[in-house]
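Summary of the model geometry
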Amino acid sequence: MAILVTGGTGYIGSHTIIELLNEGHDVVIVDNLSNSKIEVLQRIKQITSKDFKFHEVDILCKEALEEIFIENSIDAVIHFAGLKAVAESVVKPLFYYDNNITGTLVLCELMEKYNVKKMVFSSSATVYRASNSPLTEDSELGATNPYGNTKLMIEQILRDLCISNSSWGVTILRYFNPIGAHESGLVGEDSVGIPNNLMPYITQVAVGKREQLNIYGNDYNTYDGTGIRDYIHVVDLAKGHLRALNKIFDEEKVNVYNLGTGKGYSVLEVVHKFSKSTGIDIPYTFCNRRPGDVEVCYADSSKAFKELGWKSERDLEEMCKDAWRWQTLNPYGYTEK
């Protein structure tokens, strides 16, 4: 099958493409490189020894995106493309609504036009309002920030699309907190600017790129005062997309799945586990909470195990070691200093 992957040079997209290629799929990548590096393409080829197509295109540009549908016989789409920083979305809500929602509308219009009606959508645990973790797919919805709102709105758009046309099949994957890197150390998370996520911030401190880790909030109602999250290895997450891909060809409807480990770790727990796993102490300081962050969030992923046969396999120690391997082999990410 030929799979169009939007946002394919990003952190999760690149790992998913490796799994797709290893499974024998043809891959067409679309990315505007706004938050990723083109060097990742060579790394993917190095790992898989396989080729694929790449188009530097913004999905907001309908004419350029349409050319890709015309030139390629696409069977399904895995849709990663979108802005994803919670704090930034609070400051720039219109930017996020325009980019994430309009881009998805353009994509869906072209998919319908060219009879490509199968999609795996990259959603997020930020769509949940409920505070009583573990969260199931039926937990109360209601995001606390514009980024989460864009994901929630897109989910509804996809549901409405499937209601309007029964030939559509959509699988929505609600991620929790992906960390780690490919075991080769060739592909990992390479944030543009100051990292918004915990693990790349930790590894950049460990490698000497930053002086200390800023921990946003130590006054949460948790056992050590820091926020609790469900951290999942990015390769486990990528493998979940392959299982989801099979699902959209089996059933013509919308399916929703949480992808997480089912365990919650505090920020300080992750810091201490990283230090124990690598032998490197991480200096840190506490800062004010970030707008839009929630106190506790971890998954119940039993539905994904029951219906997709998927579950996470890698533990927090392996996540830390793989993230550190990536950072040590690539102290400045995909580009040299």
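Keep in mind that what you see is a predicted model, and the values were worked out from it rather than measured. Position labels on residues start from 1 in each chain and follow its written sequence. This being a predicted model, a pLDDT of at least 70 is required before a residue's local features are given, and a value of 80 or more before pairs of side-chain atoms are given or counted; all residues contribute to the totals for chains, interfaces and linings. Excluded from the side-chain calculations are hydrogens and water; all other atoms, namely the structure's heavy atoms, are used.

Let us look at the overall build of the chain. Only DSSP runs of H or I reaching four residues or more are called helices, and only runs of E reaching two or more are called strands; each is numbered from the N terminus. Scanning the chain from N- to C-terminus turns up 11 helices and 14 strands. Here the C-alpha atoms of the chain give a radius of gyration of 19 Å, agreeing with the 20 Å that 2.2 N^0.38 yields for 337 residues. Expressed along its principal axes, the backbone C-alpha trace of the chain runs to roughly 55 × 45 × 40 Å. Relative accessibility decides the category of a residue: with a 1.4 Å probe and only protein chains considered, values under 20% of the type maximum give buried, values over 50% give exposed, and everything between is partly exposed. Residues classed as buried in the chain amount to 55% of the 337 residues present. We call two residues in contact when some of their heavy atoms are within 4.5 Å. A separation threshold of at least 6 residues defines the contact pool for the chain, and within that pool the share at least 24 residues apart is 80%. Accessible areas in this description were obtained via Shrake-Rupley with a 1.4 Å probe; residue shielding takes into account the shown protein chains only. Total accessible area computed for the chain in this model is approximately 14400 Å², and 46% of it derives from carbon and sulfur atoms. Atoms considered for the radius of gyration are the C-alpha atoms alone. The globule rule reads 2.2 Å times the number of residues to the power 0.38.

Moving on, we come to the pairing of strand β3 (residues 53–56). A pair of strands is labelled paired if DSSP reports no fewer than 2 bridges between them. Sheet topology note: the strand β2 (residues 26–31)/β3 ladder contains 4 bridges and is parallel. The residue bridging Val28 from the neighbouring strand is Lys53, located in β3.

What follows is about the side chain of Ser36. Structurally, Ser36 is set in the loop between β2 and α2 (39–48). Of note is the side chain of Ser36, whose polar atom sits 2.6 Å from the side chain of Thr9. Within polar-contact distance, the side chain of Ser36 engages the side chain of Asp31 at 3.5 Å. Here a polar contact is taken to be a pair of N or O atoms separated by no more than 3.5 Å, where protein atoms must pair a possible hydrogen donor with a possible acceptor and residues adjacent in sequence count only if both atoms sit in side chains.

The next thing to look at is the sheet that holds strand β1 (residues 2–6). Two strands in a sheet stick together by hydrogen bonds in their backbones, pointing the same way (parallel) or opposite ways (antiparallel). Spatially, 7 strands are ordered β3-β2-β1-β4-β5-β6-β11 in an open sheet, and the strand pairing comes out parallel. Because the sheet does not close on itself, it has two edges, and the strands there are β3 and β11 (254–259). Averaged over all adjacent pairs, the angle separating strand axes in this sheet is 15°, with direction ignored. As defined by bridge partners, β1 adjoins β2 across 5 bridges and the pair is classed as parallel. By the bridge assignment, Ile3 is partnered in β2 with Val27. Structural elements are reduced to axes, namely lines fitted to C-alpha atoms, with helices fitted over the stretch in contact, and the angle between N-to-C directions of any two is expressed from 0 to 180 degrees. Relative to strand β5 (residues 118–124), helix α6 (residues 146–164) is tilted by about 155°, and along the sheet it contacts β5, β6 (169–175) and β11.

Both site types are read off a 1 Å grid over the protein atoms alone. A 1.4 Å probe that fits but cannot get out defines a cavity, while an open set with protein on both sides within 12 Å along at least five of seven lines defines a pocket; lining residues have an atom within 4 Å of a point. Grid points are joined across faces, edges and corners, and a volume is the space filled by probe spheres set on the points. As a volume, the second largest pocket reaches approximately 220 Å³. Every residue along the wall of the second largest pocket is listed here: Glu19, Asn22, Glu23, Asp236, Lys239, Leu242, Arg243, Gly309, Trp310, Lys311 and Glu313. Where the lining of the second largest pocket is concerned, the elements lending two or more residues are α1 (11–22) and α8 (234–250). Looking at which element gives the most residues to the lining of the second largest pocket, the answer is α8, with 4 residues. Gly falls in the polar group here, along with every residue not listed as nonpolar (Ala, Val, Leu, Ile, Met, Phe, Trp, Tyr, Cys, Pro) or charged (Asp, Glu, Lys, Arg). Looking at the lining of the second largest pocket residue by residue, the classes come out as 2 nonpolar, 2 polar and 7 charged.

Among buried residues, the Ala, Val, Leu, Ile, Met, Phe, Trp, Tyr and Cys ones that are joined through side-chain atoms within 4.5 Å form a nonpolar core. Judged by nonpolar contacts, the single largest core of 38 residues is most densely connected at Leu20, Val27 and Leu245. Residue contributions to this core peak at 7 residues, all from α8.

Moving on, we come to the packing of aromatic side chains. Pairs were defined over the aromatic rings of Phe, Tyr and Trp, the Trp ring being its six-membered one, requiring ring centres within 6.5 Å. Orientation was assigned from the angle between planes: stacked under 30 degrees, edge-to-face over 60, tilted for the rest. Tallied over the full model, the rule gives 5 aromatic pairs. Ring geometry for Phe274 against Trp324: centres 5.8 Å apart, planes inclined by 85°, an arrangement best described as edge-to-face. On the criterion of sequence distance, the pair formed by Phe274 in helix α9 (residues 267–278) and Trp324 in helix α11 (residues 316–329) is long-range, its members being 50 residues apart. Judged by centre distance (4.8 Å) and plane angle (55°), the rings of Trp326 and Tyr334 are tilted. Both residues of the pair, Trp326 and Tyr334, count as buried. The cationic tip of Arg289 hangs over the ring face of Tyr220; the distance from NZ or CZ to the ring centre is 4.0 Å. In our convention, an over-ring charge means Lys NZ or Arg CZ found within 6 Å of a ring centre and within 35 degrees of that ring's normal.

Mapped onto the secondary structure, His233 falls in strand β10 (residues 231–233). A polar side-chain atom of His233 sits 3.0 Å from the main-chain amide nitrogen of Val235. Within the structure, the side chain of His233 is placed 2.8 Å from the side chain of Asp322, a separation counted as a polar contact.

Helix length check: α8, at 17 residues, gives a terminal C-alpha distance of 25 Å against a target of 24 Å (1.5 Å per residue), a fit within 8%. The buried fraction of α8 is high, at 12 of 17 residues. All buried positions along α8 are accounted for by Val234, Val235, Asp236, Leu237, Ala238, Gly240, His241, Leu242, Ala244, Leu245, Lys247 and Ile248. In this analysis, the expected span of each helix is defined as 1.5 Å times one less than the number of residues it contains.

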